[in-house]
Amino acid sequence: MSVTSSRLARFSQGPNVLFCYGTLRFDEVLKALLGRIPEQVPASTPGYRAAALQGRVYPGLVVCAFGGSAPGLVLTDLSNDEWRILDAFEHERYELREVALSTGETGLTYVWPGGDVQDEDWDATEFEQRHLAKYAARCARLAPRLAAGEPKGE
């Protein structure tokens, strides 16, 4: 799979779909960041897992040594402005990469390069119950800055 030299270089490349395996799977987070809920298709990415990260409520997509597959969804209708918002939102350690999807297509996703990875998988249900409301509120606070092209600042 190819690694982009710059995350924003995505604008000159395909595919134009984003695979989401963590917090961006939640409509509340997407609505807070983008002001809408993009079109979604269920998918997974074989050979990866959504790992819990030490000290963080969001996961990191990492290669799974024992096979497996990270469940998620594909956002299929993002505008360039929405891509810029999501790119600015994602932690700078993430690498935007093209991955194979269970749909038989490829998509871009934010892969965690290593460090702070825990043995257990990230628990989306626990995130939803314990952190989603506060996380979505934080996203809503950040959204105007991100849309204006300013740094996240948090």
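Residues numbered from 1 in each chain as written. Predicted model: local features only at pLDDT ≥ 70, side-chain atom pairs only at ≥ 80, totals over all residues. Heavy atoms only, no water.

## Some thoughts on the overall build of the protein
Then, in step 1: When helices and strands are tallied, the protein shows 4 helices and 8 strands.
Then, in step 2: Helices (α) and strands (β) of the protein occur, in sequence order from the N terminus, as β-α-β-β-β-β-α-β-β-β-α-α.
Then, in step 3: Classification of the 154 residues of the protein by burial places 46% in the buried group.
Then, in step 4: A separation threshold of at least 6 residues defines the contact pool for the protein, and within that pool the share at least 24 residues apart is 72%. (Helix = DSSP H or I, 4+ residues; strand = E, 2+ residues; numbered from the N terminus. Buried < 20%, exposed > 50% of the residue type's maximum accessible area, 1.4 Å probe, protein only. Contact = heavy atoms within 4.5 Å.)

## Section: the side chain of His91
Then, in step 1: With respect to the element layout, His91 can be found in the loop between α2 (80–89) and β6 (95–100).
Then, in step 2: Looking at His91, the relative accessible area reads 17%, which means it is buried.
Then, in step 3: There is a polar contact of 3.0 Å between the side chain of His91 and the backbone nitrogen of Arg93. (Polar contact = N/O pair within 3.5 Å; in protein donor to acceptor, adjacent residues only side chain to side chain.)

## Some details on the pairing of strand β3 (residues 48–53)
Then, in step 1: Most of β3 is tucked away: 6 of the 6 residues are buried.
Then, in step 2: The two faces of β3 match: Tyr48, Ala50 and Ala52 on one face and Arg49, Ala51 and Leu53 on the other face are all buried.
Then, in step 3: Bridge count for β3 against strand β4 (residues 59–63) is 5 bridges, and the pairing is antiparallel. Its bridge partner lying in β4, Tyr48 is registered against Val63. (Pairing = 2+ DSSP bridges.)

## Considerations on the nonpolar core
Then, in step 1: Leu18, Leu24, Val29, Leu33 and Phe89 are the most contacted members of the largest nonpolar core, which has 45 residues in total.
Then, in step 2: Setting aside residues no more than four positions away along its own chain, Val29 makes contact with Thr23, Leu24, Leu132, Tyr135, Ala136 and Cys139. (Core = buried A, V, L, I, M, F, W, Y, C linked by side-chain atoms within 4.5 Å.)

## Structural notes on the packing of α2 against helix α4 (residues 132–147)
Then, in step 1: In the contact formed by α2 and α4, the axes pass within 10 Å of each other and the chain directions differ by 120 degrees. Relative to α4, the element α2 lies oblique. Pair α2 / α4 crosses with right-handed handedness. Residues Ile85, Ala88 and Phe89 of α2 touch α4, and the partners they reach there are Tyr135, Arg138, Cys139, Leu142, Leu146 and Ala147.
Then, in step 2: Its residues placed into classes, the contact of α2 with α4 shows 8 nonpolar, no polar and 1 charged. (Axes fitted to C-alpha atoms, helices over the stretch in contact; angles between N-to-C directions. Parallel < 35°, antiparallel > 145°, perpendicular 65-115°, else oblique. Left-handed = near helix turned anticlockwise from the far one by under 90°. Nonpolar A, V, L, I, M, F, W, Y, C, P; charged D, E, K, R; others polar.)

Distances and angles like these do not, on their own, reveal function.
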